[in-house]
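# Close look at the chain arrangement
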Protein chains: 2
Amino acid sequence: MKNVRILLVLALGFAFLSSQANLRSVLSQSSATPAANLDGFTSEGSAMERRWEEDFRGVPAPDSAREHLRRLTAEPHVAGTKEDYATAVYVRDQIRGYGIPSELKEYEVLLPYPKQPSVVELIAPRRERLTVRETAIPEDPSSSNPKIIPLFNGYSPSGDVTAPLVYVNYGLPPDYEALKKLGIDVKGKIAIARYGNSFRGVKAKVAEDNGAVGLIIYSDPADDGYMQGDVYPKGPWRPASSAQRGSVQFLFQAPGDPLTPGKPAIPGVPRLKMEEVTGLPRIPVQPISYGDARQLLEPLRGPVRPKGFQGGLPFAYHVGGTDYVRVHLKTQMDYQVRKIWDVISRIDGDEEKDRWVIMGNHRDAWTFGAVDPNSGTTAMLEAARAFGSLLKKGWKPRRTIVLCSWDGEEYGLLGSTEWAEENADELKEKAVAYLNVDVAVSGPNFGASSVPSMWRLIRAATRDVKDPKTSLTVYQQWQERAREQQPDPELTNAEAGSDTRTAEARIEALGSGSDFTPFLQHLGIPASDMGFGGDYGVYHSAYDSFYWMSHFGDPTFAYHVTAARLWGTIAMRLADAAGLPLDYRDYAAQVRDFFNESMKTARRRNLAGAFDEKAMTEAMQHFADEAERVEKARQDTVAEIERTRVEASDRQPLAVARLRRINDALLAVERAFTDERGLRGRTWYTHEIYAPGTYTGYAAQPLPDFRQALDDRNTSNARDALARIVEAINRGTVVLRKARD
Amino acid sequence: MKNVRILLVLALGFAFLSSQANLRSVLSQSSATPAANLDGFTSEGSAMERRWEEDFRGVPAPDSAREHLRRLTAEPHVAGTKEDYATAVYVRDQIRGYGIPSELKEYEVLLPYPKQPSVVELIAPRRERLTVRETAIPEDPSSSNPKIIPLFNGYSPSGDVTAPLVYVNYGLPPDYEALKKLGIDVKGKIAIARYGNSFRGVKAKVAEDNGAVGLIIYSDPADDGYMQGDVYPKGPWRPASSAQRGSVQFLFQAPGDPLTPGKPAIPGVPRLKMEEVTGLPRIPVQPISYGDARQLLEPLRGPVRPKGFQGGLPFAYHVGGTDYVRVHLKTQMDYQVRKIWDVISRIDGDEEKDRWVIMGNHRDAWTFGAVDPNSGTTAMLEAARAFGSLLKKGWKPRRTIVLCSWDGEEYGLLGSTEWAEENADELKEKAVAYLNVDVAVSGPNFGASSVPSMWRLIRAATRDVKDPKTSLTVYQQWQERAREQQPDPELTNAEAGSDTRTAEARIEALGSGSDFTPFLQHLGIPASDMGFGGDYGVYHSAYDSFYWMSHFGDPTFAYHVTAARLWGTIAMRLADAAGLPLDYRDYAAQVRDFFNESMKTARRRNLAGAFDEKAMTEAMQHFADEAERVEKARQDTVAEIERTRVEASDRQPLAVARLRRINDALLAVERAFTDERGLRGRTWYTHEIYAPGTYTGYAAQPLPDFRQALDDRNTSNARDALARIVEAINRGTVVLRKARD
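## Comments concerning the domain arrangement of chain A
Residues and elements named next belong to chain A. Assigned domains of chain A: these are domain 1 (42–111 + 343–461 + 509–576), domain 2 (116–331) and domain 3 (584–738). Distance from the C-alpha centre of domain 2 to the C-alpha centre of domain 3: 38 Å. Contact with domain 2, which involves twelve residues of that partner, is made by nine residues of domain 3. When its residues are assigned to classes, the side of domain 2 that touches domain 3 shows eight nonpolar, four polar and no charged.

Listed below in structure tokens is the structure:
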């Protein structure tokens, strides 16, 4: 479900949070020569790893990628359907065919399907029933497939309401504030919001909180339509009849099966009754196209829109809220407990079988899912094929690699959350890292999010993979694009010493909206997410199809291949390195940046002084010092293993044991950042540094409870939240100390 | 011609240039109590002045304002027409009726009218002749007036070209660079640009420089149409058939009659031949509406627009440049030397007849000119009526007040420039300040530009005039709005100590686009420009009418009255104050800010060190010191006059003489900032601190030649330019020193 996220992070403008720490990381690496050892490897290990990796990267190929995607996108495969099951079987059988053990894992979860297409009807000023249907496009054969699910929002309740309509812009709290200033009350009315700037479940929650009786969400052409470029099938952007499906679960409170919060949805686990369920909207929510939205928005009266409300339809938007425009909205959902199927495949580690490097991607799609998520599934299958090829040649990964094909992600990260909940204890003990790929390819532009400990690992891997369109590496193409997109310093009035632009492409913070969430934010497992983005205007529509991909997203399938190479390279390094390439110096710097940013807000709001800034400063300093020491110890120990091996010294076992201790500490630090008590009002989320924002959903809100308390101007909460963060960091420091001796 | 300017300054984002100095000025005033003496007045003088001002402000009235505007806008009155002459006679006769001597002043200038409506025709992919006409609107009776001049651009040549069409966005140099990157060459093609971000003559010059054979300029609905709000007659914004007339003279090189550059267009002055004329475009230029533009833009092929090129029409813009879309453009102009008529009215000063406070507003309009410029003419007439009333009661201004109703402003500031050129020597000797009002009212939001020496004067006057819509003063309403419009510090990552927002509404720098230009930038006379702005989408269209004003701009005419009060109050203070309220401390601070900003650019471009920064720093310091001393001397001397008058001391004449010397210095400083040699490549402009930008036209480019040299990365020019600026500032310092003893 992910693509909107990256755009979002940029749009919200708080990406700067990570800039300083990211930059430090980049600069400290810039002198690295390609001939140097891979991080965490001895010379010998590094040379061997490089050979295996080259073999690995030689395997993925455009033709087989294309064939996987063709097979995966042959039919719509919404979670829980028999077509979804068929894709699970396809993935399992392919991976088994590569010589890797693979099994289906079934969960039984609450899944609504629309009983009938929803009704959206203009009642006044004239009576007109909207189409609420994506038209078949002759060029795209699958667009006329009768199994395409009607337009609906996952976890919308059934409902039947008729009320005046209010245009609420993006449907976020500041929008409702702007409406209040105009004297517009949303209570008892149907809200119409445009997609963008948040996860859609946030819009549902905020509409409900403001008393709306229903919510219509549409894709505005300014954000996702002709204002972005030519529309499908002429171009890659959303055409007038297309709408965005998607879940409106309150993901920022908890993902997973709504009937088994915090527990796996397996037989024997007690289910909540429907009336006990929380975290789902109680008002009907329905997506429509901008073609349909125009019929509702154009007749609206009331004040002309406040600043920032105007979209791309060719008239002045009004906010409505009067009786002049009345709308009928009817949604009819069939809520059932249904089966979904993860596919779990495993390559056992040779030396450290109880250490798992997990690769994950979801497989279920709202329609054909060519981009979201099966470009990722394709990359996983090609990576698996390459692993299979290596295994046949004698490669034995030091650690276990687990490949997970998740189901039910679109409804609310169901497959990954249930699996993580079922295997929580084992994962806490064994997981090294979770490497997510949701959309692998919607275009040629690399982007990544991760915990800071993985920044160097990811950057290093991108230096060893070629960008297929240019003669550059993925790293170079990524950096070049970041430089192009930097704001002109002349316009931003930045003080700088020269024209040289030094900032680098950032690796963003992880929020939510894809399957990394249960691993990082519930269990405390280092996680990453990445993919290649581009002009992608068919998100969650009937046109996210093989035709779209082969004409716009990746006609040569070269980026599918590149994604497989990069993903696998990172997994192999984590699986094979003697000393785990997780670097907490970057984490320390990043947390300091997060805190400094939060303190700016605190000072602006005169809240500074209400909490123990000094304890935090000290905690961060201790953590940073310890991270520095552990990193040195890790490098020294790898060097010592190399030396003692060459010397055939009997001191080697000691060094190996020491490195194991260091590795165990490195993977446990992230766990230490979680607090069993959970975050305020959303205890499923336990990570004290990273959580999705309550009002973003996709984008991260770093130091979440502290930041929220500052936003709420609640000094008592801020004090408590900061104290917990300090505890978490101190726990991390204690864990790092264990690596010492 | 002015309204776009204020929007522009904000849009271009360099308004920050003046912020620091502005802020200092505000803060230093904030402790002033209303009971204090008016600046430059003794207690007695201040009390008397306050009484006269209150009388003055009591005179202007909505009903007579409405009647003036009704009379002035009865017919279209383009410069040089008999309807224009009739407005001159109306103004003269009204002012004479108030008891103030008033005369017409005739000039003979080059004025083109369209011989026929221009032809804009799509030749391929289909043949279609565009309307190029503003439709009559039943609600607005004057919109069907047959005398409305066809859509054309003043000083476009006649031309007849057929060529492929290229969309060039705003038509500025970075736009052509973006096109070059896409491989699009404009040479031999017709460019279509949207209005905005610069004076339109800049677009013509840049199109010509890039080899275009013709230029079409249209108003995009994103900038000036439905995306701003409801369109006329439902709302105040530009409807689909409406286009913006306007001059394409190269105003940034020189304004005024093209046949008599630098000289008055009066009998006996030799005229250039047409082929000797420079500063006018050589390619045909034509404005069209967005209704028409859609016909041209929608079929365009070629690449999808680069970033920033998309406008508000409901499709993805392409840049064109291929043979697929070909356009025929034909303009037929009737170039003649024609008569225009300024109206010059004069209230002689009682004590200092040879010191002139000049109020100016133009009277000619592209159509009815209800907003631009006759809201200003109305304010002037109401101010004149109030002066007349005061004169009858015995008021005798210390200095002379000259009221100027300019003609031919729309074509290129013709009436004001010719008058300033004719009276240059006398003006240099006698002018205290030039107070321009072009658009007095298009809405309720006050805005001003001026030289920094007048900032305090203007702010003080706004504190003494009520805002008619609120219970606030104009000053308060202005500041409140500025605070509302400030960017959210959370989004701009500004470091600040609290939520209190301290920055104040700025008085902007003077660029060009209205009649202050010959006074400030050619002669070096302190100048200001101001008015009340709002949602104004009928600029230079057939709908800038009495109906528009009485339904949208100022239905009660209360802001016309307010403009008259404010303008007159400022003029009276300048005319009556014993010590001229011009403060060069603010000027010194502003120049320092300008220089600091320029140095940032210089450092970014590694140009610092190539010129004598130290000489500039010293010059600014000396000027600042002297400004401080003179200000103190001025205040001391006014106080001494008060004391000696009370004591009936024979030292009074000495103090009076000293004050006269100080006043003479204060008005001469601005003159000292001009350099007879003129600016590089545009010698008509002589002011070393303020000029319109070569690529903005409306907006100011402070320290113009230095800044331009930095933009061109020309260190030799930068050195020369800075040396001249240093000389200018040093001349200013010498002038201030003359006030000493």
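## Some thoughts on the sheet that holds strand β5 (residues 159–167) of chain B
Residues and elements named next belong to chain B. Read from one edge of the open sheet, seven strands run β3-β2-β10-β5-β6-β7-β9, paired in mixed fashion. Bordering the open sheet on either side are β3 (128–129) and β9 (285–288), each of which pairs with just one other strand. Examined bridge by bridge, strand β2 (residues 119–124) and β3 share two bridges and lie antiparallel to one another. Within β3, the residue paired with E121 across the bridge is R129. Its contacts with the sheet place helix α9 (residues 290–297) against β2, β3, β5, β6 (190–194), β7 (214–218), β9 and β10 (326–331), and it is angled at close to 25 degrees to β2.

## Concerning the pairing of strand β9 (residues 285–288) of chain A
Residue and element names in this part refer to chain A. Here β9 shows no split at all, with V285 and P287 on one side and Q286 and I288 on the other all buried. Here strand β7 (residues 214–218) runs beside β9; their pairing, made up of four bridges, is parallel. Each bridged residue has a counterpart across the sheet, and for L215 the counterpart in β9 is V285.

## Focus on unusual backbone geometry
The amide bond that connects A:Y232 to the next residue, A:P233, takes the cis arrangement and shows omega of 5 degrees. On the secondary structure map, A:P233 appears in the loop between α8 (221–224) and β8 (246–247). Here B:D372 and B:P373 are connected by a cis peptide whose omega angle stands at 15 degrees. By the secondary structure assignment, B:P373 is in the loop between β12 (352–362) and α10 (374–392). The backbone of A:H540 sits at a positive phi, close to 60 degrees, despite the residue not being glycine. By secondary structure assignment, the location of A:H540 is in the loop between β16 (527–533) and α18 (546–553). Unlike most non-glycine residues, A:L703 shows phi in positive territory, near 50 degrees. Mapping A:L703 onto the fold places it in the loop between α22 (652–672) and α23 (704–711).

## Describing the packing of helix α20 (residues 584–604) of chain A against α23(A)
Residues and elements named next belong to chain A. One way to put it is that α20 packs onto α23 with a least axis distance of 10 Å and a crossing angle of 20 degrees. Judged by the angle between their axes, α20 and α23 are roughly parallel. For the crossing formed where α20 meets α23, the hand is left-handed. Judged by residue contacts, S598, T601 and A602 of α20 engage F706, R707 and L710 from α23. In terms of residue class, the contact of α20 with α23 is made up of three nonpolar, two polar and one charged.

## Quick notes on the sheet that holds strand β3 (residues 128–129) of chain A
Residues and elements named next belong to chain A. Pairing is mixed across the open sheet formed by seven strands, whose spatial order is β3-β2-β10-β5-β6-β7-β9. Of all strands in the sheet, those bounded by a partner on one side alone are β3 and β9. Direction of pairing for strand β6 (residues 190–194) relative to β7: parallel, over a ladder of five bridges. Each residue of the ladder has a partner; that of I190, found in β7, is G214. Strands β2 (119–124), β3, β5 (159–167), β6, β7, β9 and β10 (326–331) of the sheet are contacted by helix α9 (residues 290–297), whose axis makes an angle of about 25 degrees with β2.

## A few points about the environment of B:Y584
All names here are of chain B. For Y584, the position within the fold is in helix α20 (residues 584–604). A count of 27 C-beta atoms within 10 Å places Y584 in the buried class. Along the sequence, Y584 and D55 sit 529 residues apart, while their C-alpha atoms lie 31 Å from each other. Excluding residues within four positions of it along the chain, Y584 makes contact with S453, A627, V630, V669 and L736.

## Looking at the environment of B:R355
Residues and elements named next belong to chain B. Here R355 lies in strand β12. Using a count of 23 C-beta atoms within 10 Å as the deciding quantity, one classes R355 as buried. For the pair R355 and L667, spaced 312 residues apart in sequence, the C-alpha to C-alpha distance is 9.6 Å. R355 has contacts with G349, R399, T400, K430 and V432, leaving out every residue within four places of it along the chain.

About the criteria used
Residues numbered from 1 in each chain as written. Chains lettered and ligands numbered in written order. Predicted model: local features only at pLDDT ≥ 70, side-chain atom pairs only at ≥ 80, totals over all residues. Domains from an automatic or database assignment. Contact = placed C-beta atoms within 7 Å. Nonpolar A, V, L, I, M, F, W, Y, C, P; charged D, E, K, R; others polar. Pairing = 2+ DSSP bridges. Helix = DSSP H or I, 4+ residues; strand = E, 2+ residues; numbered from the N terminus. Axes fitted to C-alpha atoms, helices over the stretch in contact; angles between N-to-C directions. Buried ≥ 20, exposed ≤ 12 C-beta atoms within 10 Å, placed from the backbone. Parallel < 35°, antiparallel > 145°, perpendicular 65-115°, else oblique. Left-handed = near helix turned anticlockwise from the far one by under 90°.

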